[in-house]
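# Architecture at a glance
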Amino acid sequence: MKNSSSLSNSDDIIILDNISKSFGEVKAIIDVSMNVKRGEVCFIFGPSGGGKSTLLRCINHLETIDSGKIVVDGIHLTDSKTDINRIRSEVGMVFQLFNLFPHLKVLENITLAQKVVRKRSRKEALEVAHTLLKRVGIPEKADVFPNQLSGGQKQRVAIARALAMNPKIMLFDEPTSALDPEMIQEVLEVMLDLAKEGMTMVVVSHEMGFAKAAADRMIFLSDGKIVETGIGKEIFTNPKKDRTKVFLSQVLN
Amino acid sequence: MAINPDIRRQRPGLAPWVGDLSRFPWWILVVLLIGIAVTYAIIDNRFWGEAYDFVKLGIKITVKVSLISFTVALSLGLLAGLGGLSSNMIYRNFSMLYVQVIRGIPIIVQLYFVAFVIAPTVVSQINNLGDWMLASGILVNLGSGLANLHIRDVPMINRAIASLAIAYGAFEAEVFRAGIQSIERGQTEAARSLGMSHFQSMRYIILPQAIRVVMPPLGNDFISILKDSSLVSILAVRELTHMGQLHRARTFRSWEALGTVAVLYLMLTLTLAFLVKSMERRLAFEK
């Protein structure tokens, strides 16, 4: 699903090495190790409360891990000397509840971080924002406030906001779970386009249709552990573990 | 208005004009009548006129004390409010200590304390610093100035303003803290995930939203501080209340003196309430 040039560079851009994370008594992630290659679309699925979102949030340090090692684009996240803000500006994040800034217009939502973090000029930031709004299909919404948008439009603005930083990686945390059914497709189409262009993506979602169309690798996460990993769609056709079979039969029917 | 006019009209047995009359803000009419009556008395009656001419000299001081102490209180409150949420242990504990101690002591006791304990202590420490500067020959001119500073050179009004600002800073700290906490965590996460620093996410994302939340309570506190500025009359600062008391003591015209003072406060607070309301409306945005 992606052009070959982005696959030619096949080093690992995200390395999770034996990471664990607990919230009090609850163990959210237990000794998880996984790598994501440059340009790869990695699809994480599994039952609610299985640690999917936590795992994703660890990658840009919204959650701190208890043990283990995380390396993003060659930089150790767990090193106390690391400038977390710099890594975060390289890693775009899309949230389930959009988290747009309600006091700023759509355009300002997209230009703010460009100006204060990337130090771009106002003119340059505006150009980027307009281009991205066209790309996600809502150029006419530049001057409205987020609360005047539908859910699908909000999420597309959120994607544009993250892309404006020219991230090397995009993380999607259940991007369609809060949307009305008729709006899911418009968001998925934007994500599919991104995957085609060779963006490195880690997607936590229940949208099996997206996984079938775009995933290079699928990871089934349950009770804080990786139960099964599959290349491409093989997990659909040939799940090895019983736990995976049960889950897939439930979500696919 | 939140009341739906259609629902009122459906009430059986009431003519439409009764509904209109019951919606009219009668209280404003009463306030206006009081205002007109007192204004008439001041123009027409010698005793009211004298009371007004004397008491009005305090208006400026009342406004000055309220404005300056509230401005300082806002800054103190923002600092302490952010401190209460800080992950820095020392900053957080100092902020909590300030808020809890100050909120637990009556303002009138604080006023006495600042005016007669803290201010003299600070002045004597400044004297010591000046002496030391003179002895060691550093900035001798400034040093001699500091060494000869006397507590009498610190006007009561300044001590009163400082004390009121400290007292209200503790209230505003809690207002700011609650306002910041009312903004969803997702806002901070979105800002941080775009690479903004803690300071940048506060400056561009959290505070602009929190300020809309805290406007109503801050407006309330501004009106409160205007009323509480009357407390500084105990330090013989010549504001409205003090002038009223002086006039009463001079002339035994209690009704005229206190009536004038009360109406003047009312005019100030109602004007402020109106300003705060219109400011809130201007800052409002669609939620």
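Residues numbered from 1 in each chain as written. Chains lettered and ligands numbered in written order. Predicted model: local features only at pLDDT ≥ 70, side-chain atom pairs only at ≥ 80, totals over all residues. Heavy atoms only, no water.

Our next topic: the packing of aromatic side chains. One pass over the structure, following the stated rule, counts 10 aromatic pairs over all chains. Considering the side-chain rings of Phe 24 of chain B and Trp 26 of chain B, the 4.9 Å spacing of their centres and the 65° angle between planes classify their relative orientation as edge-to-face. Taken together, the ring pairs connect Phe 43, Phe 45, Phe 210, Phe 220 and Phe 247 of chain A into an aromatic cluster. Cation over ring: Arg 250 of chain B sits above Phe 54 of chain B, and NZ or CZ is 4.1 Å from the ring centre. (Phe/Tyr/Trp six-rings, centres within 6.5 Å; stacked < 30°, edge-to-face > 60°. Lys NZ or Arg CZ within 6 Å of the ring centre and 35° of its normal.)

So, on to the interface of chain B and chain A. Across the boundary between the two partners, chain B contributes 21 residues, which contact 26 residues of chain A. Summing both partners gives a buried area of about 1,900 Å² for chain B against chain A, and 60% of it is carried by carbon and sulfur. Broken down residue by residue, the surface that chain B buries against chain A is led by Glu 189, Ser 193 and Leu 194 of chain B, which jointly contribute 30%. At the surface where chain B touches chain A, the tally comes to one salt bridge. (Contact = heavy atoms within 4.5 Å. Buried area = accessible area lost by both parts, 1.4 Å probe. Salt bridge = Lys/Arg side-chain N within 4 Å of Asp/Glu carboxyl O.)

Our next topic: the environment of Ile 235 of chain A. All names here are of chain A. Residue position: Ile 235 is located in helix H9 (residues 234–237). Considering only alpha carbons, one finds Ile 235 and Met 218, 17 residues apart in sequence, at a separation of 7.2 Å. The contact partners of Ile 235, leaving out residues within four places of it in the chain, are Phe 45, Met 218, Glu 228, Thr 229, Gly 230, Thr 244 and Leu 248. (Helix = DSSP H or I, 4+ residues; strand = E, 2+ residues; numbered from the N terminus.)

Here the focus is the pattern of salt bridges. Two side chains bearing opposite charge may form a pair once their charged atoms approach each other closely. Across all of its chains, the model carries 17 salt bridges over all chains by this definition. Salt-bridge contacts for Glu 63 of chain A lead to Arg 57 of chain A; the nearest nitrogen and oxygen are separated by 3.0 Å. Its salt-bridge partner being Glu 256 of chain B, residue Arg 253 of chain B comes within 3.4 Å of it at the nearest N-O pair. A residue is classified by how much of its surface remains accessible, and Arg 253 of chain B, at 31% relative accessible area, is partly exposed. Take Glu 256 of chain B: its relative accessible area is 7%, and that puts it in the buried class. A cluster of three or more residues bridged by salt bridges with shared partners is formed by Asp 11, Arg 38, Asp 73 and Lys 168 of chain A. (Buried < 20%, exposed > 50% of the residue type's maximum accessible area, 1.4 Å probe, protein only.)

All right, on to the packing of helix H3 (residues 26–44) of chain B against helix H4 (residues 46–55) of chain B then. Residues and elements named next belong to chain B. Two numbers describe how H3 lies on H4: the axes approach to 5 Å, and their chain directions differ by 100°. Relative to H4, H3 is oriented roughly perpendicular. Contact residues: H3 offers Val 38, Ala 41, Ile 42 and Asp 44, while H4 offers Arg 46, Trp 48, Gly 49 and Tyr 52. In terms of residue class, the contact of H3 with H4 is built from five nonpolar, one polar and two charged. (Axes fitted to C-alpha atoms, helices over the stretch in contact; angles between N-to-C directions. Parallel < 35°, antiparallel > 145°, perpendicular 65-115°, else oblique. Nonpolar A, V, L, I, M, F, W, Y, C, P; charged D, E, K, R; others polar.)

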